[in-house]
Amino acid sequence: VTYNNEKIVSTYIYIKALVALKKNDRAILCGLDALKHYKEEHQSKYVSLLCKILLEIIDPISEPVKYFKILFLQADIWLENINIYEAERLFEQASYIIKDNYSLFDSKDITHFFHRHVNQKLHTLQYDKAINILKNFESLPNLAPNAPLIINDRYCVALYSLGHEEEALEKIDEVIE
């Protein structure tokens, strides 16, 4: 289904109305569905606006996975399109949620999150922080099969950027192997 601008806007307004009417369960259900369509249509502005609404009505204590996924999506959108430094704050918040509820997340979600979190640090030239996240990332259990590739690749970028060319080459050799 292609979402045209009218449908995008009307869906967003409908969800805001549900929240105003305190029909949060329905708003969350509709909001999650709309997010899929907004992402498919590359509507980052509406993805961001809708994430903001959903983060206000989803309880992070009783629904940590749902809350995390919305928070991570918002951080990722801001990283790529809107506000890289606000994205940093959201990534930090999301990292606490994933650490406190680690067993609730699957290996694919964990790997994807840490990959993007490291990228956020690399985008903002925070290479030392990226390396610290990578050290934490590689020590985690139950990562996706592609995690070592991502970890070593990102190490290579961070180490090379810091002038540690030999170490960077060692990491890229591990990627190639």
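An account of the accompanying structure is given in this report. Nothing here was measured: the structure is a model prediction, and the numbers come from that model.

**A short note on the layout of surface pockets**
A probe as big as a water molecule, rolled over the atoms, marks out the empty space that is left.
Part 1: Considering only enclosed or pocket space, the largest pocket measures out at about 550 Å³ in volume.
Part 2: Taken together, 21 residues line the largest pocket, and the ones lying closest to its centre are Lys-39, Lys-69, Ile-70, Phe-72 and Leu-73.
Part 3: Those elements giving two or more residues to the lining of the largest pocket turn out to be helix H2 (24-40), helix H3 (44-57), helix H4 (64-81) and helix H6 (107-123).
Part 4: For the lining of the largest pocket, the per-class residue count stands at nine nonpolar, five polar and seven charged.

**With respect to the packing of helix H1 (residues 5-20) against H3**
Part 1: At a closest axis distance of 11 Å, the pairing of H1 and H3 adopts a crossing angle of 15°. Here H1 lies roughly parallel to H3, going by the angle between them. Taken as a pair, H1 and H3 cross one another with a handedness that is left-handed. Seen from H1, the contacting residues are Ile-8, Val-9, Tyr-12, Ile-15, Lys-16 and Val-19; seen from H3, they are Tyr-46, Leu-49, Leu-50, Ile-53 and Ile-57.
Part 2: By residue class, the composition of the contact of H1 with H3 is 10 nonpolar, no polar and one charged.

**Section: the pattern of salt bridges**
Part 1: One pass over the full model with this rule turns up nine salt bridges.
Part 2: Salt-bridge contacts for Lys-66 lead to Glu-63; the nearest nitrogen and oxygen are separated by 3.9 Å.
Part 3: The exposure class assigned to Lys-66 is partly exposed, which follows from its relative accessible area of 29%.
Part 4: Between Glu-88 and Lys-121 there is a salt bridge, with the nearest N and O atoms lying 2.8 Å from each other. Here the residue Glu-88 occupies a position in helix H5 (residues 84-100), and Lys-121 occupies one in helix H6, the gap between them amounting to 33 residues. Lys-121 matches Glu-88 in its accessibility class, with the two residues each being buried.
Part 5: Connected through salt bridges with shared partners, the residues Glu-88, Glu-92 and Lys-121 form a single ionic network.

Analysis parameters
Residues numbered from 1 in each chain as written. Predicted model: local features only at pLDDT ≥ 70, side-chain atom pairs only at ≥ 80, totals over all residues. Heavy atoms only, no water. 1 Å grid on protein atoms, 1.4 Å probe; cavity = no way out; pocket = protein on both sides within 12 Å on 5 of 7 lines; lining within 4 Å. Points joined across faces, edges and corners; volume = space filled by probe spheres on them. Helix = DSSP H or I, 4+ residues; strand = E, 2+ residues; numbered from the N terminus. Nonpolar A, V, L, I, M, F, W, Y, C, P; charged D, E, K, R; others polar. Axes fitted to C-alpha atoms, helices over the stretch in contact; angles between N-to-C directions. Parallel < 35°, antiparallel > 145°, perpendicular 65-115°, else oblique. Left-handed = near helix turned anticlockwise from the far one by under 90°. Contact = heavy atoms within 4.5 Å. Salt bridge = Lys/Arg side-chain N within 4 Å of Asp/Glu carboxyl O. Buried < 20%, exposed > 50% of the residue type's maximum accessible area, 1.4 Å probe, protein only.

These values are about where atoms sit, not about what they do.
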